[in-house]
Amino acid sequence: MVNDIDTTLISLITLTIILISSLSWLALKTLKEGRKALKEINKDSL
């Protein structure tokens, strides 16, 4: 019984770490693309 709880907890922690890192990567990629797009818009307006 205790072994099952340990395995479940480890799996939950691993899944949480993967989820947070994936969301962080996606957010950083989106911000980078947005910054690039803003630079292009500013370049076009000048």
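Our subject is the structure listed above.
Residues numbered from 1 in each chain as written. Predicted model: local features only at pLDDT ≥ 70, side-chain atom pairs only at ≥ 80, totals over all residues. Heavy atoms only, no water.

## Considering a nonpolar patch on the surface
A cluster of nonpolar residues, Leu-19, Leu-23, Trp-25 and Leu-26, forms a patch on the protein surface that exposes about 460 Å² of accessible area. Structurally, the position occupied by Trp-25 is in helix H1 (residues 2-45). (Patch = residues over 30% accessible without salt bridge, like charges linked within 9 Å, V, L, I, M, F, W, Y side chains within 5 Å. Areas by Shrake-Rupley, 256 points an atom, 1.4 Å probe, with all protein chains shown as cover. Salt bridge = Lys/Arg side-chain N within 4 Å of Asp/Glu carboxyl O. Helix = DSSP H or I, 4+ residues; strand = E, 2+ residues; numbered from the N terminus.)

## Structural notes on the pattern of salt bridges
Per the stated rule, a full pass over the model turns up one salt bridge. Lys-36 is the partner of Glu-33 in a salt bridge, and the nearest nitrogen-oxygen pair spans 3.8 Å. Residue Glu-33 and its partner Lys-36 are located together in helix H1, separated by three residues, close to a single helical turn. Here Glu-33 falls in the partly exposed class, since its relative accessible area comes to 44%. Among the residues examined, Lys-36 registers a relative accessible area of 43% and is labelled partly exposed. (Buried < 20%, exposed > 50% of the residue type's maximum accessible area, 1.4 Å probe, protein only.)

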